[in-house]
Amino acid sequence: MKLTLDPNGWVVHVDQLDVLNVNSTERNQLRTLPYTNLLVVIHNTQPLTIDQYHQFTSGVFDNLNNDLPAKEKIFVEHTNKEIIRVTGKKDDHGEITGLFGMPDDLPWHCNEPGRTANERPDALCLYGVEHTEGSITGFTNSIQALKDLRQATDTPVGLLRSLDQLMCYYNYSGSTDNGPMATDVNYQGRTGFNKFVTQNKSGSTGIHWSPMQTPKFYIGKNLVPAAGQQAWFSYLYKFLTQPKYQYAHHWKDHEIIINCQWLSMHARPAFENIENRLLWRAMGYVSPFNGLAIDTGQLELRQ
C-alpha cells in the first residue's frame, strides 16, 4: 500500500492496496488516518461484490452501524442492515431504492449528528459501484477552520466568546428519498445535543456541525436568542465551507473513501445521472487512540 498526501495538506490518498487482502499494518492505517487527516481516498480499481465490500468494512472498523431509522428498501439485502444503497435507482413500482436519490444538491451535513458520542457511528465509508463518473462529493476540514475561526475579526457578536461552551441541538425529520427540502417526510433523525467544538477518536479538535439539519445553538442549557441563531448560522456556514477548507472528490467507479463524521462535513452538487449512479455506504466505529503518534507531514505529495 502506497500513501501520498494531497497538495491541500490533509487528504491522504491510497494506491496499490489489495482491498481483498488487507494486512494488520494497512488495517491500522485505514482505521486511524480518517480521524487524524479526516479523509482517506482509496484509488481502488478492482470491482467488489457486496460480500467483498462488507468484508472490507467489517475488517477495517471495530464495528458497523445497523440501526439507521430509515425505510427497509435502502438497505442492501443480507448485510445485517450494515450496507446502504446511495442512489436514485427505482424499483418496478417507481420507488427509490437508495438514500438521497434526487438529482438536486445534497447540502453540507454529517451523518446522524444528534446521536451521543458513546453510540454514534463516526466514520463514513463509501464505495463507487457503478456509473459514478461525473459525480462529485465535497468534504471539509474543520480542524484547520477552527484554528482560523479563533483568529477571525469579523465574527457576529458573542460567537467567539461562547465558542467553547456552544452546544447544538438536533431535532431533524426529512426525506431519505428526496432530501431536506422535500415535502414528503419518511425519516426522523435522532434528537440530542453535541458540542460544537469537540474532539474525534484521535484526539484532534475541530468543529462538529451539520447545517443541513438546522440545529439550534445553546450556550450550556440556555437557548441562544433568535437574532444570534440567524447571525451565527449564516456566518458559520460561509466560514466553514470556504474553498480553502474543501476537497472535491471526483468519483471513479470502484474507488473508496473513508471520512470522519465528527470534524468533517460532506455534500454533493446536483447530478443528473443519479438514477444510474450507485454507491454503497457503511458507517463504522473505532476505539479512541493517540493521534499524536501519527505524522503524515512527511508523506510524498501526490502529483
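Scope of this entry: the structure provided in the associated data block. As the structure is a prediction and not an experimental result, all values here were calculated from the model. (Residues numbered from 1 in each chain as written. Predicted model: local features only at pLDDT ≥ 70, side-chain atom pairs only at ≥ 80, totals over all residues. Heavy atoms only, no water.)

Comments concerning the overall build of the protein chain
Part 1 of the reasoning: The helix and strand tally for the protein chain stands at five helices and 20 strands.
Part 2 of the reasoning: A compact globule built from 303 residues should have a C-alpha radius of gyration of about 19 Å, and the protein chain, at 19 Å, falls within 12% of that.
Part 3 of the reasoning: Along the longest, intermediate and shortest principal axes, the C-alpha atoms of the protein chain span 50 × 50 × 35 Å.
Part 4 of the reasoning: For the protein chain, buried positions account for 56% of its 303 residues.
Part 5 of the reasoning: Considering only contacts in the protein chain between residues 6 or more positions apart, those separated by 24 or more positions represent 77%.
Part 6 of the reasoning: Element-wise, carbon and sulfur atoms account for 49% of the exposed surface of the protein chain, whose accessible area totals about 13600 Å².
Part 7 of the reasoning: Positive and negative side-chain charges in the protein chain, numbering 26 and 31 respectively, have mean positions lying 8 Å apart. (Helix = DSSP H or I, 4+ residues; strand = E, 2+ residues; numbered from the N terminus. Rg over C-alpha atoms; globule rule 2.2 N^0.38 Å. Buried < 20%, exposed > 50% of the residue type's maximum accessible area, 1.4 Å probe, protein only. Contact = heavy atoms within 4.5 Å. Areas by Shrake-Rupley, 256 points an atom, 1.4 Å probe, with all protein chains shown as cover. Lys, Arg positive; Asp, Glu negative; His and termini not counted. Charge placed at Lys NZ, Arg CZ, Asp CG, Glu CD.)

Quick notes on the pairing of strand 15 (residues 216-219)
Part 1 of the reasoning: With four bridges connecting them, strand 9 (residues 166-170) and strand 15 associate as antiparallel partners. Bridge pairing in strand 15 links Tyr169 to Lys216.
Part 2 of the reasoning: Pairing geometry for strand 15 and strand 16 (residues 222-223), over two bridges, is antiparallel. Of the residues in strand 16, the one forming a bridge with Ile219 is Asn222.
Part 3 of the reasoning: The turn linking strand 15 back onto strand 16 is made up of two residues, and Gly220 within it adopts a positive phi angle of 65 degrees. (Pairing = 2+ DSSP bridges.)

As for the nonpolar core
Part 1 of the reasoning: In terms of nonpolar packing, the biggest core is built from 61 residues, with Ile42 and Trp280 touching the most fellow members.
Part 2 of the reasoning: It is strand 7 (residues 123-130) that contributes the most residues to this core, six residues altogether.
Part 3 of the reasoning: If we skip the residues at most four places from it in the chain, Trp280 touches Leu48, Thr49, Ile50, Tyr53, Val76, Ile83, Ile84, Arg85, Cys125, Leu126, Tyr127 and Val129.
Part 4 of the reasoning: One finds Leu146, Leu159, Phe196 and Val197 within the second-largest nonpolar core, a separate group that totals 24 residues. (Core = buried A, V, L, I, M, F, W, Y, C linked by side-chain atoms within 4.5 Å.)

So, the sheet that holds strand 9
Part 1 of the reasoning: Read across the open sheet, the four strands follow the order 12-9-15-16; overall the sheet is antiparallel. Edge positions in the open sheet fall to strand 12 (192-195) and strand 16, since each of these has one partner strand only.
Part 2 of the reasoning: In the packing of helix 5 (residues 226-240) onto the sheet, the strands contacted are strand 9, strand 15 and strand 16, and the crossing angle to strand 15 comes to about 110 degrees. (Axes fitted to C-alpha atoms, helices over the stretch in contact; angles between N-to-C directions.)

Quick notes on the pairing of strand 8 (residues 136-140)
Part 1 of the reasoning: Burial of strand 8 is extensive: four of the five residues sit out of reach of the surface.
Part 2 of the reasoning: As defined by bridge partners, strand 8 adjoins strand 17 (residues 246-250) across five bridges and the pair is classed as antiparallel. From the neighbouring strand, Ile136 faces strand 17, where its bridge partner is His250.

A look at the environment of Gln229
Part 1 of the reasoning: Inspection of the secondary structure puts Gln229 in helix 5.
Part 2 of the reasoning: Each C-alpha atom of the pair Gln229 and Ser175 lies 24 Å from the other, and the pair is 54 residues apart in sequence.
Part 3 of the reasoning: Beyond its immediate stretch of four places on either side in the chain, Gln229 contacts Pro215, Lys216, Phe217, Leu223 and Val224.
Part 4 of the reasoning: Separated by 3.0 Å, the side chain of Gln229 and the backbone oxygen of Val224 make a polar contact. (Polar contact = N/O pair within 3.5 Å; in protein donor to acceptor, adjacent residues only side chain to side chain.)

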